[in-house]
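Working through the structure, step by step
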Amino acid sequence: MKLDVIKLDGEKAGTLDLDEALFGLEPRADILHRVVRWQRNKAQAGTHKVKTRSEVSYSTKKIYRQKGTGGARHGSRKAPIFRKGGIYKGPTPRSHGHELTKKFRKLGLKHALSAKAGAGNLVILDDAKLAGAKTAMLAKAVKEQGWKRVLIIDGADIDTNLKAAAANLTGVDILPTMGANVYDILKRDTLVLTKSAVEALEARLK
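Values in this document were obtained by computation on a predicted structure and should not be read as measured data.

Turning to the sheet that holds strand β4 (residues 150-153), a few remarks are in order. Strand order in this open sheet of six strands is β2-β1-β3-β6-β4-β5, and the pairing throughout is mixed. Two strands in the sheet have a free side with no partner beyond their single neighbour: β2 (12-17) and β5 (172-175). With direction set aside, neighbouring strand axes in the sheet form an average angle of 30°. In this fold helix α7 (residues 195-204) packs onto β1 (2-6), β2, β3 (122-125), β4 and β6 (190-194), with an angle of close to 90° to the strand it touches most, β6.

Attention now goes to unusual backbone geometry. Backbone geometry at Lys-84 places phi at a positive 65°, although glycine is not the residue there. Structurally, the position occupied by Lys-84 is in the loop between α2 (29-43) and α3 (102-118). Given the relative accessible area of 58%, Lys-84 is considered exposed. Residue Lys-89 is not a glycine yet carries a positive backbone phi of 55°. Position of Lys-89 relative to the elements: it lies in the loop between α2 and α3.

Looking at the largest pocket, its volume works out to about 250 Å³. Taken together, Val-35, Trp-38, Gln-39, Lys-102, Arg-105, Lys-106, Leu-109, Ala-180, Asn-181, Val-182, Arg-204 and Leu-205 form the lining of the largest pocket. Of all the elements in the fold, those that place two or more residues in the lining of the largest pocket are α2 and α3. The greatest single-element share of the lining of the largest pocket, amounting to four residues, is contributed by α3. Taken together, the residues of the lining of the largest pocket break down into six nonpolar, two polar and four charged.

A word on α3. Here α3 is 17 residues long and its end C-alpha atoms lie 24 Å apart, about the 24 Å a rise of 1.5 Å per residue gives. Those residues of α3 not exposed but buried are Phe-104, Gly-108, Leu-109, Lys-110, His-111, Ala-112, Leu-113, Ser-114, Lys-116 and Ala-117. Those residues of α3 that are buried lie in contact with α1 (20-23), α2, β3, α6 (182-187), β6 and α7. Phi turns positive one or two residues past the end of α3, at Gly-120, with a value near 80°.

Here the focus is the domain arrangement of the chain. You can read the domains of the chain as domain 1 (2-45 + 96-205) and domain 2 (50-90). Distance from the C-alpha centre of domain 1 to the C-alpha centre of domain 2: 56 Å.

So, how was this worked out
- Residues numbered from 1 in each chain as written.
- Predicted model: local features only at pLDDT ≥ 70, side-chain atom pairs only at ≥ 80, totals over all residues.
- Heavy atoms only, no water.
- Pairing = 2+ DSSP bridges.
- Helix = DSSP H or I, 4+ residues; strand = E, 2+ residues; numbered from the N terminus.
- Axes fitted to C-alpha atoms, helices over the stretch in contact; angles between N-to-C directions.
- Contact = heavy atoms within 4.5 Å.
- Buried < 20%, exposed > 50% of the residue type's maximum accessible area, 1.4 Å probe, protein only.
- 1 Å grid on protein atoms, 1.4 Å probe; cavity = no way out; pocket = protein on both sides within 12 Å on 5 of 7 lines; lining within 4 Å.
- Points joined across faces, edges and corners; volume = space filled by probe spheres on them.
- Nonpolar A, V, L, I, M, F, W, Y, C, P; charged D, E, K, R; others polar.
- Expected span 1.5 Å × (residues − 1).
- Domains from an automatic or database assignment.

Set out below in structure tokens:
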């Protein structure tokens, strides 16, 4: 698969051969769904917590005598049936993460890249370097290219000027190659890869 390479200002900078094993697959929604679920579950904080009857603050004295009241037998006000009593079987802090093999996660990333390439939403940049850390410069380039919600993936290191310029722009996200993931790729309308990012991804996903 061949794609045109452009510069940030829109000028052509040649073509690039893309690996069909990464960018030419038929995207499968079930694989993408499983990987995104794994990502989102792993990111969930899991800090939900309720107080049980041993943790609520109440006296431990028997609330009234056992017999002769005409009411049901009760001991502690902490019982779950009372208002402000302990919660029975409520949520406790836990991890929501589940296992997903490295092989499957790699496959998911390949399908995400192929989905963008197949839909025509993949752009290859010669490099993602800015002359200065000016938001206006990047905003102008993004507007001229017609990118609305875009994810730019650079090589191992992100250009400091680009990172600073993108910090104030909504709809523009920057990631290094190691940060490339299925959820962020699918979440954006356009995926922009630098030539160094393509090389690093091909080496990573072999």
